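Take a look at the letters that make up each chain.
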Amino acid sequence: MLTQIAEDVFVHESEFIKSNSIVVRGREGVLLVDPGITRADMTDLAGDLRRAGHTVVAGYSTHPDWDHVLWHEAFGTAPRYGTSDNAAAMRELLTDGEWMSQVAEALPPEYADEIPLDLFGLITGLPYGSTELPWDGPRVRILEHRAHARGHAALLIEQARVLVAGDMLSDILMPFLDLEAADPAGDYLAALDLFDGIADDVDVAVPGHGTVGGAGAVRARIALDRAYVEALRDGVAIDDPRVGPSAPLEWLPDVHDWQARRFAEKAAAQRP
Ligand SMILES: [Zn+2]
């Protein structure tokens, strides 16, 4: 089901960790961002679009993680854009003859059979440093940064004042840092600063997973994510409802413990 969240902007939620797909109405068709997880999600969304008379004229992947680079033939053959780093990460993966079994192993077992991999990761990289999405519709600004994953980018749909945050600013998931990066906490805080700098231009924030945040939620979510990352960086106790005793996802506190341990190990290894 498509839910309108602003002028020309709609969201479709998938069951798997409340994944959000975003549809932006343009002049000749729609832009589809992070289009869903299972075959059923995507055919449902494609049906909604067809009934509303919309064709997909452009896709966008916020970052090169499996749950953001899927596609279904029912969406057609529009280019699926991403940052140049996103596309490069996918190209590197797809040139490995074993990629499909590698990806399949990482899928959540309860959904694995329902996730189509035939059009996986076919991302068209935008020129390095692109700041605007090339399409015939409302202006969409690209905010690239290094938090969470290489090639991660948020989108600001300017007129509608919607921030598509990718895997950040979630009310159900704590920040997942890119622990392979040289400075995971610094990268994450820099990305939050970037969001802070445009917060006055945003009324609605759509996380990759979780609830759409309305006015006021943007700054509150930036503050919550910042507090988490700073506590991780400083090695102090984390007071965060997403990983506390009443965490909305009961498995998440364990993942948080794992992340905190790995972060501390990496920091210790980097100390001179
Ligand atoms: Zn995700």
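All of these numbers come straight from a predicted model, not from anything done at the bench.

Visitor: So what's going on with unusual backbone geometry? Which residues, and what values?
Guide: Residue aspartate 34 is not a glycine yet carries a positive backbone phi of 45 degrees. Counting through the fold element by element, aspartate 34 comes out in the loop between strand S4 (30-33) and helix H1 (39-51). Assessed through its relative accessible area of 4%, aspartate 34 is described here as buried. Positioned with a positive phi, arginine 161 is a non-glycine residue whose angle comes to about 60 degrees. Positionally, arginine 161 belongs in the loop between strand S9 (153-157) and strand S10 (162-166).

Visitor: Any details on the packing of aromatic side chains? Residues and values, ideally.
Guide: Summed over all chains, the structure comprises four aromatic pairs. Judged by centre distance (5.5 Å) and plane angle (75 degrees), the ring pair of phenylalanine 16 and tyrosine 111 falls under edge-to-face. Of this pair, phenylalanine 16 sits in the loop between strand S2 (9-14) and strand S3 (19-25) while tyrosine 111 is found in the loop between helix H3 (99-106) and strand S7 (124-125), placing the two residues 95 residues apart along the sequence. In this structure phenylalanine 16 comes out as buried when scored by relative accessible area, which is 10%.

Visitor: Provide a residue-level description of the nonpolar core, including the pertinent values.
Guide: In this structure, Trp66, Phe75 and Phe120 are the most contacted members of the largest nonpolar core, which totals 61 residues. By residue number, the principal contributor to this core is helix H4 (residues 184-198), which donates seven residues. For phenylalanine 75, the residues in contact, after removing those within four places along its chain, are Leu32, Pro35, Met42, Leu45, Ala46, Leu49 and Val56.

Visitor: Lay out the pairing of strand S1 (residues 2-6) with the relevant residues and their values.
Guide: Strand direction decides the pairing type here: S1 and S2, joined by four bridges, are antiparallel. In the sheet register, threonine 3 faces S2, and the bridge partner there is valine 11. Where S1 folds back on S2, the antiparallel hairpin that results is connected by two residues, among which aspartate 8 adopts a positive phi of roughly 70 degrees.

Visitor: Which residues make up the packing of helix H5 (residues 217-234) against helix H6 (residues 252-270), and what values do they have?
Guide: Running from amino to carboxyl end, H5 crosses H6 at an angle of 45 degrees, the nearest separation of the two axes being 9 Å. With respect to their mutual orientation, H5 and H6 come out oblique. Considering only the axes of H5 and H6, their crossing is right-handed. Residues Tyr228, Leu232 and Arg233 of H5 lie in contact with H6, whose contacting residues are His256, Gln259, Ala260 and Phe263. Here the residues of the contact of H5 with H6 are counted per class, giving four nonpolar, two polar and one charged.

Visitor: I'd love a proper account of the coordination of the zinc ion, names of residues and values included.
Guide: For the zinc ion, the protein coordination sphere consists of Asp67 (OD), His68 (NE2), Asp167 (OD) and His209 (NE2), at 2.1 to 2.2 Å. Here the zinc ion is ringed by four donor atoms whose angles at the metal span 86 to 156 degrees, and the overall shape comes out irregular. Positions of the donor residues of the zinc ion, expressed as sequence spacing, correspond to D-H-x98-D-x41-H. Remark: histidine 209 occurs in the loop between strand S11 (204-207) and H5 and aspartate 167 occurs in the loop between S10 and H4; sequence separation between them is 42 residues. Each of the two residues, aspartate 167 as well as histidine 209, counts as buried.

Thresholds applied
- Residues numbered from 1 in each chain as written.
- Predicted model: local features only at pLDDT ≥ 70, side-chain atom pairs only at ≥ 80, totals over all residues.
- Heavy atoms only, no water.
- Helix = DSSP H or I, 4+ residues; strand = E, 2+ residues; numbered from the N terminus.
- Buried < 20%, exposed > 50% of the residue type's maximum accessible area, 1.4 Å probe, protein only.
- Phe/Tyr/Trp six-rings, centres within 6.5 Å; stacked < 30°, edge-to-face > 60°.
- Core = buried A, V, L, I, M, F, W, Y, C linked by side-chain atoms within 4.5 Å.
- Contact = heavy atoms within 4.5 Å.
- Pairing = 2+ DSSP bridges.
- Axes fitted to C-alpha atoms, helices over the stretch in contact; angles between N-to-C directions.
- Parallel < 35°, antiparallel > 145°, perpendicular 65-115°, else oblique.
- Left-handed = near helix turned anticlockwise from the far one by under 90°.
- Nonpolar A, V, L, I, M, F, W, Y, C, P; charged D, E, K, R; others polar.
- Donors = N, O, S within 2.8 Å, 3.2 Å for Na, K, Ca; no water.
- Tetrahedral: all angles 85-135°; square planar, octahedral: opposite > 155°, others 65-115°.

These values are about where atoms sit, not about what they do.
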